[in-house]
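Spelled out from the first residue to the last, the chains are:
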Amino acid sequence: MDRRMRVFKALTLLMIIISPVIAFVAGADGPVIFQEALENDNATLFCDSTPDSNDDELMLLVWYKDNESIYSYDVRVGIEWCNSVFNASGRIIANMSASPTTFTISALRENDQALYHCRVEFLLSPTRNVGVNLSVTVLPSEPFFLDELGNTVINKTRPYYEGDTLVLSCLVIGGRPPPKISWYSGESLVDATDSITDIPNVRQNELFLPLSRDNADKLYCKATNTQLVPPQESSLWIELYLPANKVSIHWIRGSSNGALNAGMIAVAQCIAYGSHPIPDLIWYLDHKRLAPHTNQTWDGTLQAAVSQIQFTPNVADYQRILKCEAINPIMPPDRNSKSDVVTLNVTFAPLVEIVQLGDKQRNEIAELDSLHLKCQVKANPPVNKFMWYYNDADIKTGGIWGDNIHSHELIIEEVTRKHSGKYACAARNIIGETRADPINIIVLYPPECIKPAITLIKETLTCNVKGLPVPDTYFWHIHQPEYDSQHLTTGSASLSLDQLSGPFSDSINVSCEAENGIASQERSCTKIIKVGHLKPPQPQRCDLAFEYKEFQIRCIPVENATHYELSLWRLSTTNTSLVLDQKRSIEVGNSLALMQNANEQWLVRGELGLLKAGDEASAAACNRYGCSAALLLRPTETLLSAAVPPWWEFFTRRDMGISFGVVLLLIMFVCSTILAIRLVRRTRPKAQAPIIQVLQLDDVTRDYLSRTGDMHLHPSRSLRSNSSDYSDGAESPSLVDCHCTHTARDWVPPPDVTLTLQRESAV
C-alpha cells in the first residue's frame, strides 16, 4: 500500500508539472458549457468529479483558465493550491464536498471572460475534462437624450405643434456586448435602428417622429445586451400643443327636453376634449361674454376641461344663442379655438319674489311688531293659485298664521320669536309652479340671562345672555365686602379681572346687564364668584442661607405668583413671644430677586439681615388676588454658627480700619511735633522776647487789689504768667501804676484767677 501511495504522489506531481503544456481542445477533450454572468457579480462553475464505478476514486481535480492552471486539489494528500495572481484578492471559493463540485469566482471583471475547464484524475477511470465558456457581460449606462441641436433633454421635450417632426437621439455609454437601443411610444415599438457614434464606446438611436394627436404619448428608450437583467430604460414626455378637437354643451339642471322654465335655475355644462395645455372655456350669450359666471375644472379621467354656467332665464332670453368656446392661449390664433352653440328655448312660468312691506329693514322685525309679506309675481298666463311655506313646511289656515293665507299677501299682527324662520311663496299657472327664494325673517328681542348667568374661566368673567341682535354693550357691577363697588362698561360679554382694581376678597358679587339696541335687559344676571382659587399655591421648596454676610431666604418660584412677601419674626425681650421685626415684598420680575443657583434653577431671593436663635422667617407667594399661606423657616444651630464672624474680622471692618489709621496718624503727629519742638529748643538762643500774660480782672480781683497795701513795696508778689521766662529781679510794671485807693491790712492771697479769660500776646 505504501508503494502504491508513493506511485500516486509521483504521478500527481508529474501531472501538475506538465499540465500547463497540455492544451484543452473544446469539443474534443470534453463537453463545453456556455455560461453568462454580469460584471461585479458572482459566477459558479460546476465540475462532475464523481467516479463512474464504486471501485474507483478521485485523485486530483485541476481548474484551468485558457489552459493556465488556477486551482488544484490533491485528494490523497489533501493539498489545495491556488494561483496567487488570479486569486490575489481571495475571489475563489471551491467546494469539493458538493456534488458536482463547485468553483465560484466573485466580483467578476471583464478579463474574467475566458474558457475555463476542469480536469479530473481518477484512480482507475480515464481523465475527465469539462469546459465552461464564461461570458462576462458589462451593462451599458442609463440612456440619455439629446435634441437636434445637441442639448440635453430631461423629463420633457421642448414644445411642439401638431404636425411638427420630433428629432431626438437616445445614447448609451459602454456595454459588452454592444447593447441594442430601441424607442417605444407607450407599449408600441417605434424605432430599433441603433448605430455607433463618432464618440468611442457610445451608441445611439436617432428618432424622427412626425407628431400627431395619436402619438403624443410618453417616449421610452431601452438599451439591453443581456437577458439576465431588464433593459436599461429612460423616459420623457412629449410637450405637444393641441387645440380642442371636440366641444359640446349639454344641460345638467333646469331643462326638460331642452326647454327651460323662466325663473328657474338652469345649469349648462361645456366639455372640451383633446386640448393641451388646458384651454380657457368662455361663455357668450348673444355675443355678450359671461365670464364672471363661469366655473372651470379639469377632469383627469376624461382628459377634458369642464365649465359650468348657472343662470335663471326669463322671457327676454327666448331664442337667444348660448355659446361655449375653447381657446388654447399658447397656439396661433388661426388654429387655437373650437366652439359649440345652443339656442335657448324658454317657457314662461311664474317669476316669484317675496318682499316685506312697511318701514322695517329687510328680513328683520322687532318682537310684537306686525309682519307684512307680499308675493310679487310675473307670469304668463296669470297665476291661479298661491301657496305659502314656513321653513319648507306648508302654512295651514288658522293658528298663529291667520285665515287669509291663499292670497299673495301674508300678514301677522304681532310677531313673536317663534315666527322667526324662512318664508317662501309659490305661484302656479298652466305652465308650472314656481317657488320664490325664501326670505329669512329674523325677530329681534332684548337680551335675557341664560344659565349659568355668569361664569369665571381662568381670569375672565363671561356674562351669558342671549338676544337678537347680539348685545354690543355690557354693564358690570362688582361688589366686595369692605371695598368700594366698581362699575364698568364693555363692548363684549367678557370682562378680564385685570380691568378691576384690587385687592380682592375670596368672593365677589358680580352682576351684569346687556343692551342690543332693541331694548335694555330687564333683569340683571347676578352671581357670587369665588376667586380664592386664583391665589398662588403655598411655596413648598424654600431654605435659609447665609450669603454675602447676611441671611437670605431662597424659594423656587411657584406658578401664578407675581411677588413674594417675606416676614422676619424675632423673640421679644422677655423671650416669651415672637414679634414682627420686618416685612417686605419682592417682585418676581426683579433681577436681584430672581436668580439662578448652581443647578441652573431659578430662585426667588430676599435678604433678611442677621438672624438669632429663635428667630423665624416666612415666605408667602402673592398675586393681585391675595397671598398663599406662609411657609415658616427657622435657622438651625449649624447655620447660626456659620454666620458668627471670626475674631480677627473685627480688625478687617472698614470703620475699624479707618479709626485705627486715624489713631496711628495722631500718634505719629504728636511724636513728630515733640521731636520738632526739642530740635527747635536746642538750636534757638536763650534770650527771647518776654511773654506777658494779660489778665482780665473780674470784680472779686479788683476788690482784692483795692484792699491790698502798697504793692510796689513788695515787687516779688506781682502777678506773672507761669509761662513767663523773666526772673524776680527783672523790671516789670508795678500795680502802683493802677492808682487805686486801698487800705493797709494783712496780705490776703489772691483769688483763683485760672477761670478768667486769657490770651497770649508777645511784648
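Residues numbered from 1 in each chain as written. Predicted model: local features only at pLDDT ≥ 70, side-chain atom pairs only at ≥ 80, totals over all residues. Heavy atoms only, no water.

The name an unreviewed UniProt entry gives the protein is Ig-like domain-containing protein, with Iphiclides podalirius as the organism. What UniProt records for the protein under Subcellular location (unreviewed entry) is the sentence "Membrane". (UniProt positions renumbered as here; feature names shortened; annotations may be inferred.)

1. Concerning the overall build of the protein
Within the protein, the regular secondary structure consists of four helices and 57 strands. Expressed as a percentage of its 763 residues, the buried residues of the protein come to 35%. Within the protein, counting contacts between residues at least 6 apart in sequence, those at least 24 apart form 63% of the total. With the model as given, the accessible surface of the protein reaches about 45,400 Å², and the carbon-plus-sulfur share is 54%. (Helix = DSSP H or I, 4+ residues; strand = E, 2+ residues; numbered from the N terminus. Buried < 20%, exposed > 50% of the residue type's maximum accessible area, 1.4 Å probe, protein only. Contact = heavy atoms within 4.5 Å. Areas by Shrake-Rupley, 256 points an atom, 1.4 Å probe, with all protein chains shown as cover.)

2. Brief notes about empty space enclosed by the protein
Under the definition given, this model contains one cavity of 30 Å³ or more. Quantified by volume, the largest cavity comes out at close to 30 Å³. Leu 139, Pro 140, Ala 223, Thr 224, Asn 225, Thr 226, Val 229, Pro 230, Pro 231 and Gln 232 are the residues that line the largest cavity. Of the residues contributing to the lining of the largest cavity, the split by class is six nonpolar, four polar and no charged. (1 Å grid on protein atoms, 1.4 Å probe; cavity = no way out; pocket = protein on both sides within 12 Å on 5 of 7 lines; lining within 4 Å. Points joined across faces, edges and corners; volume = space filled by probe spheres on them. Nonpolar A, V, L, I, M, F, W, Y, C, P; charged D, E, K, R; others polar.)

3. Some details on the nonpolar core
Of all hydrophobic cores here, the largest spans 25 residues; its most connected members are Ile 354, Leu 371, Leu 373, Trp 388 and Tyr 423. Each residue touching Leu 371, except ones within four places of it in the same chain, is listed here: Gln 356, Ile 365, Leu 410, Ile 411, Ile 412, Val 415, Tyr 423 and Ile 441. (Core = buried A, V, L, I, M, F, W, Y, C linked by side-chain atoms within 4.5 Å.)

4. Details of the sheet that holds strand 25 (residues 280–285)
The four strands are arranged 26-25-29-30 in an open sheet whose pairing can be described as antiparallel. Of all strands in the sheet, those bounded by a partner on one side alone are strand 26 (288–289) and strand 30 (337–343). Bridge count for strand 29 (residues 321–327) against strand 30 is seven bridges, and the pairing is antiparallel. Paired with Ala 326 across the strands is Lys 338, a residue of strand 30. (Pairing = 2+ DSSP bridges.)

5. Concerning the pattern of salt bridges
Within this structure, the stated rule accounts for 27 salt bridges. Residue Asp 392 pairs with Arg 435 through a salt bridge whose shortest N-O separation is 3.6 Å. Of the two residues, Asp 392 sits in the loop between strand 35 (385–390) and strand 36 (393–394) while Arg 435 sits in strand 39 (residues 433–435), which places them 43 residues apart along the sequence. Owing to a relative accessible area of 65%, Asp 392 belongs among the exposed residues under this scheme. Its salt-bridge partner being Glu 607, residue Arg 584 comes within 3.2 Å of it at the nearest N-O pair. Of this pair, Arg 584 sits in strand 50 (residues 578–587) while Glu 607 sits in strand 52 (residues 602–609), and the two are 23 residues apart along the sequence. Assessed through its relative accessible area of 28%, Glu 607 is described here as partly exposed. Each of Glu 367, Arg 417, Glu 448 and Lys 466 takes part in one network of salt bridges that share partners. (Salt bridge = Lys/Arg side-chain N within 4 Å of Asp/Glu carboxyl O.)

6. Observations concerning the state of the cysteines
One pass over the structure, following the stated rule, counts eight disulfides. Between Cys 375 and Cys 425 runs a disulfide, and the two sulfur atoms are separated by 2.1 Å. Here the S-S torsion is close to 75°, and the disulfide linking Cys 375 with Cys 425 is therefore right-handed. In this pair, Cys 375 sits in strand 34 (residues 371–378) while Cys 425 sits in strand 38 (residues 421–428), placing the two residues 50 residues apart along the sequence. You'll find Cys 375 and Cys 425 in the same group, each marked buried. Bridging Cys 542 to Cys 555, the disulfide has an S-S length of 2.0 Å. Taking the sign of the S-S torsion, about 115° here, the bridge from Cys 542 to Cys 555 comes out right-handed. Of this pair, Cys 542 sits in strand 47 (residues 542–547) while Cys 555 sits in strand 48 (residues 550–555), and the two are 13 residues apart along the sequence. Comparing Cys 542 with Cys 555, the two get one shared label, buried. (Disulfide = S-S within 2.5 Å.)

7. A look at unusual backbone geometry
Of the consecutive residues Arg 176 and Pro 177, the connecting peptide bond is found in the cis state with omega at 0°. Among the secondary structure elements, Pro 177 is positioned in the loop between strand 13 (165–173) and strand 14 (180–185). A cis amide bond links His 276 with the next residue in sequence, Pro 277, at an omega value of 0°. Relative to the helices and strands, Pro 277 resides in the loop between strand 24 (266–273) and strand 25. One non-glycine residue with positive phi stands out, namely Asn 201, at about 65°. Along the chain, the position of Asn 201 falls in the loop between strand 16 (195–196) and strand 17 (202–210). Accessibility expressed as a relative area gives 54% for Asn 201, which makes it exposed. Residue His 287 is not a glycine yet carries a positive backbone phi of 65°.

8. As for a nonpolar patch on the surface
Together, Phe 660, Leu 664, Leu 665 and Met 668 line one region of the surface with nonpolar side chains, adding up to about 450 Å² of accessible area. As for its position among the elements, Leu 664 is in helix 3 (residues 654–683). Given the relative accessible area of 43%, Leu 664 is considered partly exposed. (Patch = residues over 30% accessible without salt bridge, like charges linked within 9 Å, V, L, I, M, F, W, Y side chains within 5 Å.)

9. Concerning the UniProt feature "transmembrane region" (unreviewed entry) in the protein
Those residues carrying the UniProt feature "transmembrane region" (unreviewed entry) are residues 658–680 in this numbering. For residues 658–680, helix accounts for 100% and strand for 0%, while the C-alpha atoms at its two ends are 32 Å apart.

10. Here we look at the packing of aromatic side chains
On inspection of all chains with the given rule, the structure shows eight aromatic pairs. With a centroid separation of 5.5 Å and 35° between ring planes, the pair formed by Phe 145 and Trp 183 is classed as tilted. Of this pair, Phe 145 sits in strand 10 (residues 144–147) while Trp 183 sits in strand 14, placing them 38 residues apart in sequence. The exposure class of Phe 145 is buried, given its relative accessible area of 4%. For Trp 183, a relative accessible area of 0% corresponds to the buried category. Summarising the aromatic geometry, the rings of Phe 504 and Tyr 625 are spaced 5.0 Å apart at their centres and angled 45° between planes, so their arrangement reads as tilted. (Phe/Tyr/Trp six-rings, centres within 6.5 Å; stacked < 30°, edge-to-face > 60°.)

11. What to know about the environment of Ile 70
The topology assignment puts Ile 70 in strand 4 (residues 68–74). Between the C-alpha atom of Ile 70 and that of Ser 84, which follows or precedes it by 14 residues, the distance is 8.2 Å. In this view, Ile 70 contacts Trp 63, Tyr 64, Lys 65, Trp 81, Cys 82, Asn 83, Phe 86, Ile 92, Phe 103 and Tyr 116; residues no more than four positions away in its chain are not counted.

12. As for the environment of Glu 559
With respect to the helices, strands and loops of the structure, Glu 559 is situated in the loop between strand 48 and strand 49 (563–571). Judged by relative accessible area, Glu 559 falls into the exposed class, the value being 67%. In sequence terms Glu 559 and Pro 539 are 20 residues apart; their C-alpha atoms lie 9.5 Å from each other.

13. Notes on the confidence of the model for the protein
Per-residue pLDDT for the protein has a mean of 80; in total, 81% of the residues score no lower than 70. In the model of the protein, strand 57 (residues 758–762) stands out as the element of lowest mean pLDDT, 27, in contrast to strand 8 (residues 114–122), which has the highest, 95. Counting contacts from residues 16–21, a segment whose pLDDT is below 50, to residues more than four positions away or on other chains yields four contacts. Every residue in residues 687–697 scores below 50 in pLDDT, and together they form 21 contacts with partners more than four places removed in sequence or on other chains. (pLDDT = per-residue confidence, 0-100.)

14. Side note on the pairing of strand 38
Judged by how many residues are buried, strand 38 sits mostly within the fold: six of eight residues are covered. By the bridge criterion, six bridges tie strand 35 to strand 38 in an arrangement that is antiparallel. Its bridge partner being in strand 38, Phe 386 is matched across the sheet by Ala 427. By the bridge criterion, three bridges tie strand 38 to strand 40 (residues 439–457) in an arrangement that is antiparallel. Bridging from a neighbouring strand, Lys 422 pairs with Asn 440 of strand 40. By the bridge criterion, three bridges tie strand 38 to strand 39 in an arrangement that is antiparallel. Pairing of Arg 428 across the sheet is with Glu 433, part of strand 39. Taken together, strand 38 and the strand that follows it, strand 39, pair antiparallel across an intervening segment of four residues.

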